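# Understanding the architecture of this molecule
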Amino acid sequence: MPRLPPSLFWRARREISPMATYLLKACRDLESTANELRWIREHVRATPSPVFPGLRTWNLCERRGKGVPLQYVLGTQPFGNLDIKCRPGVLIPRPETEAYTLHLASLLSQEQQSSPAPLSILDLCTGTGCIPLLLLSSLLTPPAAPPKITIHALDISPLAISLATHNHAHNTALNLLPPPTPQTPHTLTFTRANIFHPLPAPPHHQQPGGTIDLLTANPPYISPAAFATDTSRAVRNHEPRLALVPDTSTSTLTDYAAAYNCLPQDIFYARLLECAAELRPRRVFLEVGDMAQAVRVVGMVLRDGGAGLGGYYATVEIWRDEPEVERVEMRRIAGREVGVRGEGKGRGVYLFQGDV
Amino acid sequence: MLAAPWVCRSCARSLGRVGISQFSQFIRRASTGTATELPAALLERARKLTAEHEQLSAALETDFDVKRAKRAGELSRIATALKQLEKAKASLSELQGLLTSDDAELRELAQDDLEATNVELADSSHNLSVALTPKHPFADMPCLLEIRPGPGGTEGRFFADSLFHMYQAYCANKGYRTRVVKYDTMDNDGQTGSEGEVPLQEAVLEVEDPGAYAKFRGEAGMHRVQRVPVTEKSGRTHTSAVAVWVLPSFPESGNTDAESEWDNPESDFYINPAEIRCETMRARGAGGQHVNKTESAIRLTHIPTGTTVSMQDSRSQQRNRDYAWRLMRSRLAQQRREAREEKARQLRSSVLANSQITRGDKIRTYNYQQDRCTDHRSALDVHNLPDVLRGGDTLGRVMESVQTWLVNKDIELLIADEEAADASVAKKKGKGGN
């Protein structure tokens, strides 16, 4: 990281505020420094505390200046229309995740408008619970509220499960999520589980003919080498490694890598696709790190040709950062034409039983 | 006779105190008078519309139709105003008949009534012209007040903040619902103005009540301030300016009418998504889990007109995007409307065109030394500047005077339009005859 010139600190002090010199160390440019200072001040104004506001602002700026992500400093991150609480030890929701979650929700809503049916969703590696919460909130908006929604979310970390449960209650209390009523019955459960063990079977999996409509996952997908070089400092030093890098020190994960002959950063996809093959959800969306990884995951989906998942899912797509942009280019992967949708960098792999 | 065409009011008053009172005719008042005699073109139009109203009401008695009922409702105000006017005219001619009568007592009575009837006639002709003025198409909408300091130092920025708080307080006093859409300040090392203002860069205040556009329409333009800034050491008065723009806005709460209008290419609010370039702050490198950017700024550019909107107030990019789109729609709608008005103006006589106030002209002056606020259009002077800046009743008085001025302006334009239309018809006829 290049050194910031001292003149920039002087300018921050003169043009923004003395507090900005702390923030500048983490923000590295004047515009985002001014914005973050404003958000910190707004947060201080909005949350009552016996501590003197100026002192609180100064404290928060100092913590942020030490490189702690702003979301941990303020304790929240807006996600869609929701307010997601963030705590150290749980991954902070990213704007890219927000973009594809909203797009998935709009696809499901469109389907609901033509043929309303109960929905069942499974989210793995849920973290703060942002994906299931935003899906629930978007699907419950009036024009196409499905008759019944059942969402099940799993994570290995007890911290994540308690935070996700808290987020559900917090957003319901803020009236951003409607509570279940007889007209809109919905359940959302967070369970602690290791997805490398057999998945705990929630009731809706066991029902005869009970299918899952959507399987989503934002698994750890950074390789140990990329973690050391490509991640930003705030991520590397303050966000949980568990949520970012597949832990290759355990034999369960290395066994998968050996059995599927995949790179260490792709281990989770091997297991997730195994889950998909077992549960046969109608749609699957897996977040990935970049286009190369997306291509590798599509390769894993299409590995067995018509016999495996490739034959089951008629639509295999790669989504970019902004999948809502109507732009699809075709790309040939493992002998099949795969659509690359949207604009930005490769962000996820989308599988759908039907045609687009 | 006096050389001066007028005498200022305080001089006239002091002259009056020493017994000289003949200057009353020279006092200049904030007059908003219009001609009492309506032009023939306007009367003709009123008669036509009244005839239409009668037809419509007759048709409505037999079968009801929502569209026709709406039109009849619009026209009813013209019909009643015309009826009133004709009544006043009839009584006037009757009185004039009585004036020529032989009975002295009767003449006296008629003389007494004449004045009242004249006033009534003036009132009703004014009412009729108000009724004839077409309602502004955005009049029923909520509005966005955009406040931006003019070129110059921090003094203008401080005053922009004062204006922002003035409108906010005014809305609070009047019970209008408001929302701060954008409030960008420069954090100048804790330096504040004389009343704790912060240097404002740009602010957008949304007044969410329907009909707010009509109420605030007159506020658009340059607001000039004259005062001694806190930074000024030798006590000189500085003049700076702040631009206020008033844009129509759509009510947010799921108004299906409004949303259908967004998709209607005929509407002023329609934007072809293909004409918008949307720029976001993209994280360098891989993105996703690799980085944790807090930048949520959105910039929209409307390519054909080059209008840009940038929004970075909220931490949520989604919310910034929504607000940016709304602001873009409002700005484009206003631009389209202004372009149409400009075209209409070119068709009118050039004399009137010159008296038009565009948003580049200064419309109001706030003078701190003289504790005075002057509106240059309605020529209204009010004192008690602190009450104006607190958004009190004094500001309400200024805004009302502007409302009246705007209505009279609209009437003048209407008359000019009618006359121009008549003239062109006559010309065509003349040509046809040859």
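Further up the page is the structure itself.
The paragraphs below set out a description of the structure included in this document. Please read all numbers here as calculations on a predicted model, not as lab measurements. (Residues numbered from 1 in each chain as written. Chains lettered and ligands numbered in written order. Predicted model: local features only at pLDDT ≥ 70, side-chain atom pairs only at ≥ 80, totals over all residues. Heavy atoms only, no water.)

### As for the packing of helix α3 (residues 66-99) of chain B against helix α4 (residues 104-132) of chain B
A pair of packed helices is characterised by two quantities: the angle between their axes and the separation of those axes. All names here are of chain B. In the contact formed by α3 and α4, the axes pass within 8 Å of each other and the chain directions differ by 160 degrees. By the angle between their axes, α3 is roughly antiparallel relative to α4. α3 and α4 meet at a crossing whose hand is left-handed. Considered class by class, the residues forming the contact of α3 with α4 number 17 nonpolar, 8 polar and 5 charged. (Axes fitted to C-alpha atoms, helices over the stretch in contact; angles between N-to-C directions. Helix = DSSP H or I, 4+ residues; strand = E, 2+ residues; numbered from the N terminus. Parallel < 35°, antiparallel > 145°, perpendicular 65-115°, else oblique. Left-handed = near helix turned anticlockwise from the far one by under 90°. Nonpolar A, V, L, I, M, F, W, Y, C, P; charged D, E, K, R; others polar.)

### So, the environment of V301 of chain A
Residue and element names in this part refer to chain A. Within the secondary structure layout, V301 lies in helix α14 (residues 291-301). The class of V301 is buried, set by a relative accessible area of 3%. Apart from residues lying up to four places away in sequence, V301 is in contact with L273, L309, G310 and L351. (Buried < 20%, exposed > 50% of the residue type's maximum accessible area, 1.4 Å probe, protein only. Contact = heavy atoms within 4.5 Å.)

### Details of the nonpolar core
Generally speaking, soluble globular proteins have nonpolar side chains that are buried together. By size, the foremost hydrophobic cluster in this structure holds 51 residues, and its most contacted members are L124, I195, Y269, L286, V298, I318 and L351 of chain A. Here the element with the most residues in this core is helix α13 (residues 267-279) of chain A; it accounts for 9 residues. Excluding its chain neighbours within four sequence positions, the residues that come into contact with I195 of chain A are L124, C125, F268, R271 and L272 of chain A. Judged by nonpolar contacts, the second largest core, of 38 residues, contains M141, F164, V244 and V398 of chain B. (Core = buried A, V, L, I, M, F, W, Y, C linked by side-chain atoms within 4.5 Å.)

### Some words on the pattern of salt bridges
Working definition: two side chains of opposite charge can pair if their charged atoms are close together. This model, assessed by the stated rule, comprises 36 salt bridges over all chains. A salt bridge links E15 of chain A to R11 of chain A; its shortest N-O distance comes to 3.2 Å. You can see E15 of chain A and its partner R11 of chain A sitting in helix α1 (residues 6-16), 4 residues apart, about one turn around the helix. Among the ionic pairs, R299 of chain B bridges to E279 of chain B, the shortest N-O distance being 3.4 Å. With R299 of chain B in strand β7 (residues 298-302) and E279 of chain B in strand β6 (residues 276-280), the pair connects residues that are 20 residues apart, well separated along the chain. Judged by its relative accessible area of 41%, R299 of chain B is partly exposed. (Salt bridge = Lys/Arg side-chain N within 4 Å of Asp/Glu carboxyl O.)

### A short note on the side chain of S249 of chain B
All names here are of chain B. Along the chain, S249 turns up in the loop between β5 (238-248) and α7 (256-262). Since its relative accessible area comes to 2%, S249 is described here as buried. Within the structure, the side chain of S249 is placed 2.9 Å from the side chain of E206, a separation counted as a polar contact. Within polar-contact distance, the side chain of S249 engages the side chain of R326 at 3.3 Å. (Polar contact = N/O pair within 3.5 Å; in protein donor to acceptor, adjacent residues only side chain to side chain.)

### Focus on the state of the cysteines
Residues and elements named next belong to chain B. For the structure shown, the criterion picks out 0 disulfides over all chains. Of all cysteine sulfurs, the one in C171 lies closest to C143, which takes part in no disulfide; the gap is 7.5 Å. The exposure class assigned to C143 is buried, which follows from its relative accessible area of 0%. (Disulfide = S-S within 2.5 Å.)

### Remarks on the environment of S109 of chain A
Tracing the sequence through the fold places S109 of chain A in helix α6 (residues 95-114). Put simply, S109 of chain A and P146 of chain A are 37 residues apart on the chain and 8.1 Å apart in space, counted from C-alpha to C-alpha.

### Regarding the packing of α1 of chain A against helix α2 (residues 20-27) of chain A
Residue and element names in this part refer to chain A. Running from N to C, α1 and α2 cross one another at 130 degrees; their axes reach a closest spacing of 9 Å. By the angle between their axes, α1 is oblique relative to α2. In terms of crossing hand, the pair formed by α1 and α2 is right-handed. For the pair α1 and α2, the contacting residues are L8, F9, A12, R13 and I16 in the first and A20, T21, L24 and K25 in the second. Counted by class, the contact of α1 with α2 contains 6 nonpolar, 1 polar and 2 charged residues.

### Observations concerning the interface of chain A and chain B
At the junction of the two partners, chain A supplies 48 residues and chain B supplies 28 residues. The junction of chain A with chain B conceals about 3,000 Å² of combined surface from both sides, 40% of it contributed by carbon and sulfur atoms. Here chain A and chain B share 2 salt bridges between them. The salt bridge partner of D313 of chain B is R38 of chain A, with a shortest N-O separation of 3.8 Å. Here chain A and chain B share 15 residue pairs in polar contact (both at pLDDT 80 or more) between them. Elements supplying a minimum of two residues to the side of chain A that touches chain B: α1, α3 (30-46), α5 (70-74), β1 (76-79), α6, β8 (315-322) and β11 (343-352) of chain A. Each residue belonging to the side of chain A that touches chain B can be placed in one class, and the counts come to 18 nonpolar, 12 polar and 18 charged. (Buried area = accessible area lost by both parts, 1.4 Å probe.)

### Side note on helix α2 (residues 40-62) of chain B
Taking 1.5 Å per residue, 23 residues should reach 33 Å; α2 of chain B reaches 34 Å between its end C-alpha atoms and fits that length. Where α2 of chain B is concerned, the buried positions are A41, L42, L43, A46, L49, T50, H53, L56 and L60 of chain B. (Expected span 1.5 Å × (residues − 1).)

### Considering the packing of aromatic side chains
In this description, a pair of aromatic rings is defined by centroid distance and the angle of the planes. All names here are of chain A. Under the definition given, this model contains 14 aromatic pairs over all chains. Between the aromatic rings of Y100 and F285, the centroid separation amounts to 4.3 Å while the plane-to-plane angle is 35 degrees, which identifies the pairing as tilted. Of this pair, Y100 sits in helix α6 while F285 sits in strand β7 (residues 283-287); the two residues are 185 residues apart in sequence, bridging distant segments of the chain. What makes Y100 buried here is its relative accessible area of 1%. Ring geometry for Y256 versus Y260: centroids 5.8 Å apart, planes at 5 degrees, classification stacked. Here the residue Y256 and the residue Y260 both occupy positions in helix α12 (residues 251-260), the gap between them amounting to 4 residues, near one helical turn. (Phe/Tyr/Trp six-rings, centres within 6.5 Å; stacked < 30°, edge-to-face > 60°.)

### Some thoughts on a nonpolar patch on the surface
Residues and elements named next belong to chain A. A cluster of nonpolar side chains, namely V51, F52, L55 and W58, defines an oily patch on the protein surface of about 390 Å² accessible area. Looking at the element boundaries, L55 is found in helix α4 (residues 53-65). The class of L55 is partly exposed, set by a relative accessible area of 41%. (Patch = residues over 30% accessible without salt bridge, like charges linked within 9 Å, V, L, I, M, F, W, Y side chains within 5 Å. Areas by Shrake-Rupley, 256 points an atom, 1.4 Å probe, with all protein chains shown as cover.)

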